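Per-entry structural report
In case you want the letters, here they are:
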Amino acid sequence: MEIKSTIFTLSVFGLCFLTFLHASNPPLSLDYYKSTCPNAEAIVRKEMECAVQSDLRNAALILRLHFHDCFVQGCDGSVLLDDTYTLQGEKKAPTNLNALKGFEIIDRIKNKLESECPGIVSCADALTIAARDATVLVGGPYWHVPVGRKDSKTAGFSQVESNIPGANDGLVSMIGKFMYQSLSVVDLVALSGAHTIGKARCTNYRARIYGDYQTTATMNTIAESNLKTLKSTCPAAGGGDNHESSMDYISPDLFDNSYYHILLRGEGLLNSDQVLYSSILGVQTSKLVKQYAENQIAFFEQFSESMVKLGNITNPETYVDGEVRKNCRFVNT
């Protein structure tokens, strides 16, 4: 298989971003497991149904795991690796520490897959399929997942901080991080819509609620009540760093387009959310926020398309030296 890297420069707002694209043509297909593990998707779906039924929040946890996996070394299951004497995983990187959960759900899925089809379905594929099912199970769209990824034998601890968008990132920074992954501004706004489910920690929204929240928000009775609640559990002076609040306080357990309505009212919980609509640089992003707020079908269609693009970010090394892990937490011995 020929692997080529293409480097080119993209300009946004007059600023240049150096973008690295891997034109590796990985062998992903919809029927990759048709003969070797025909029940793979059904197994993942059943385990995700159990997980979401037990706690709706598990859907958001799996979506976040998938995103953090793909933005570091590509979608190769590296985020699932535990630290060992010879390998430093990604779980304890500052951005991931206390933020990533749901690993035991993937463990259960992998155990069932290994019982049915030993050594066939990669952890990277299991996580990618699980992210799709998580979305569907809380009301979101369905999309077909190309499969055939291999698991990495390495992790990218040092890449986490530079690659993963932060809660207080500005718009230009986020666009740059998405472009580095060959994802567009449209992908950025659509994938951010995943924040319609899930929660954020106080340490990630403290700067927002004590910063320009009251400047961007319309501050009606509901907004004032919500801000008061947020401040009561996330003191300005510190403490309560790990207290969590829903990023979509209107319908936190339903995958819908209410996240964009919240941005239109200036009430985004994270700075990185609100800048999509409020930044003076956000000419294109603000139009997309309005479009998705007005048309949930358009949001669902683009989210599905962008999730396929996200899932197709590959780690070319895994097609040379990858594997199918028996245990998602450890490289095979």
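Residues numbered from 1 in each chain as written. Predicted model: local features only at pLDDT ≥ 70, side-chain atom pairs only at ≥ 80, totals over all residues. Heavy atoms only, no water.

Focus on unusual backbone geometry
It is generally the case that most residues other than glycine have a negative phi and that most peptide bonds are trans. Condition: Runs of E in the DSSP output that reach at least two residues are strands. Runs of H or I that reach at least four are helices, and both are numbered from the N terminus. Note on classification: 1.4 Å probe, protein chains only; a residue is buried when its accessible area is under 20% of the maximum for its type, exposed when over 50%, partly exposed between these limits.
Phi is positive for asparagine 98, close to 70°, though the residue is something other than glycine. Within the fold, asparagine 98 resides in the loop between α2 (58-70) and α3 (103-116). Note on asparagine 98: relative accessible area 44%, which makes it partly exposed. We note that methionine 219 has phi near 50°; this positive angle belongs to a residue other than glycine. Mapped onto the secondary structure, methionine 219 falls in the loop between α9 (213-216) and α10 (221-233).

Things to note about the confidence of the model for the chain
Note the threshold: In predicted models, pLDDT denotes the confidence assigned by the predictor to each residue on a 0 to 100 scale. Every residue pair with non-hydrogen atoms within 4.5 Å of one another is taken to be in contact.
Of the residues in the chain, 92% have a pLDDT of 70 or more, and the chain-wide mean is 92. Predicted confidence for residues 1-24 stays below pLDDT 50, and this span has 54 contacts to residues more than four positions away or in other chains.

Some thoughts on the state of the cysteines
As a reminder, the rule being used: The criterion for a disulfide is a pair of cysteine sulfur atoms lying within 2.5 Å.
This structure, assessed with the given rule, holds 4 disulfides. Note on cysteine connectivity: cysteine 70 is disulfide-linked to cysteine 75, with sulfurs 2.0 Å apart. A torsion of 115° about the S-S bond marks the disulfide between cysteine 70 and cysteine 75 as right-handed. For the residue pair cysteine 70 and cysteine 75, the accessibility class agrees, reading buried in each case. Covalent S-S linkage joins cysteine 123 and cysteine 328, the inter-sulfur distance amounting to 2.1 Å.

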